[in-house]
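A look at the structure
For reference, the chains in residue letters:
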Amino acid sequence: MEKPKFKTVQEVVAAGGGLPDRYLQAPTGDDKGQPLNGPVPEMDIQAIDLSLLLTSSEAGREELSKLHSALSTWGVVQVMNHGITEAFLDKIYKLTKEFFALPTEEKHKYAREIGSIQGYGNDMILWDDQVLDWIDRLYITTYPEEQRQLKFWPELPVGFRETLHEYSMKQHLVIKQVCKAIARSLELEENSFLDMCGENATLDARFNMYPPCPSPDKVIGVRPHADKSAVTLLLPDKNVEGLQFLKDGKWYKAPFVSDTILIIVGDQMEIMSNGIYKSPVHRVVTNREKERVSVAIFCIPGVDKEIQPVEGLVSDARPRLYKPVTNYVELLNTYYLQGLRPIAASLI
Ligand SMILES: O=C(O)CCC(=O)C(=O)O
Ligand SMILES: [Fe+2]
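A brief structural summary. If you're wondering where the values come from, they're calculated on a predicted model, not measured in any experiment.

1. Details of the pairing of strand E12 (residues 292-300)
Among the 9 residues of E12, 9 are classified as buried, and the element is accordingly described as predominantly covered. On E12, burial covers both faces: Arg292, Ser294, Ala296, Phe298 and Ile300 on one face and Val293, Val295, Ile297 and Cys299 on the other are all buried. Of the pairings in the sheet, the one linking strand E5 (residues 202-210) to E12 comprises 9 bridges and is antiparallel in character. Bridge pairing links Thr202 to Ile300 in E12.

Okay, structure coming up:
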């Protein structure tokens, strides 16, 4: 398979010679006094106890109402008591750092192929004057097992493959619980969203690396976007901030509470929930001194599944806001790289 010719950000940095123009963002003038690397307030979201969400106790009902409030306000929530130990999350973080620290030739064994999203690389380059994000990544479909393409699963660092396998099994359980809890928070039958996403829904892992950047005022780590998933589970870097969410035209930084996972509403959950929970626009800013890593797991509905507002959330008072979509992810790249939101394709 042909591989695209590209330089990752790590290679650009290692080559020296300054910052190439193609990473420079055009000044937009619409930053409302919040320049890319300026201070931003922190989001006020609380951590929610996932182990209580599916119980029918009083405490469970309280957690569900906290979930409803966080998702309808921010579209994002932190969960604790998710059943994955801190030691295991630390191992994921450590292996991610170790992978990106490998020699270039080793990482290129897993390089993305033309026309494929999976593998190691940088932004897909679709046109000549495309401005690039300051990020390298490794993208791998991890679940269900029969959809894995092991040629993209790094053999080094030692233990990466086994740990990713274990992590995807654990994440699958968390996603199921989260989707059930989200349905319950909307007073729906708990399998409503899982059934619509189908048995063939996939989990895609995206390992992100943001090297230190000489001009954090002019360069972006990940441009503003909402996720294409139904839901995303995110492990942001524990030590280096950078992730920000947009609310009412202002950027807020994501809090970090140790041992929690961030759950982000994706576009396809926005559609299924008939817009009650909206997929939040978020971005990542760069850091002059420190590298940053994060690991996102996207839960993507089966490619043949029709995604649309679930019946229980459509009424005369709340008419259907979205048309059914299938294989939403296909729409994404062209819209995203032009700075457009693919959800516009589904709005009625
Ligand atoms: O690096 C992060 O914290 C977020 C990355 C992100 O938004 C994504 O991978 O979709
Ligand atoms: Fe994202």
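So much for the structure itself; the text now carries on.
2. Concerning helix H3 (residues 58-73)
The end-to-end C-alpha separation of H3 is 23 Å, in line with the 22 Å expected for 16 residues at 1.5 Å each. The set of residues buried in H3 consists of Gly60, Glu63, Leu64, Leu67, Ala70 and Leu71. One side of H3 holds all its buried residues, which, seen down the axis, span an arc of 130 degrees. The positive-phi residue at the C-terminal boundary of H3 is Gly75, with phi of around 75 degrees.

3. A look at the sheet that holds strand E1 (residues 47-49)
Strand order across the open sheet formed by 8 strands is E1-E2-E10-E7-E12-E5-E4-E3, with mixed pairing between neighbours. A strand with exactly one partner marks an edge of an open sheet, and here the two such strands are E1 and strand E3 (119-121). Looking at each pair of strands side by side, their axes are set apart by 25 degrees on average, direction ignored. Taken together, the 7 bridges between strand E4 (residues 136-143) and E5 define a ladder with antiparallel strand orientation. Its bridge partner being in E5, Leu138 is matched across the sheet by Phe207.

The rules behind each value
- Residues numbered from 1 in each chain as written.
- Chains lettered and ligands numbered in written order.
- Predicted model: local features only at pLDDT ≥ 70, side-chain atom pairs only at ≥ 80, totals over all residues.
- Heavy atoms only, no water.
- Buried < 20%, exposed > 50% of the residue type's maximum accessible area, 1.4 Å probe, protein only.
- Helix = DSSP H or I, 4+ residues; strand = E, 2+ residues; numbered from the N terminus.
- Pairing = 2+ DSSP bridges.
- Expected span 1.5 Å × (residues − 1).
- Arc of directions from axis to C-beta.
- Axes fitted to C-alpha atoms, helices over the stretch in contact; angles between N-to-C directions.

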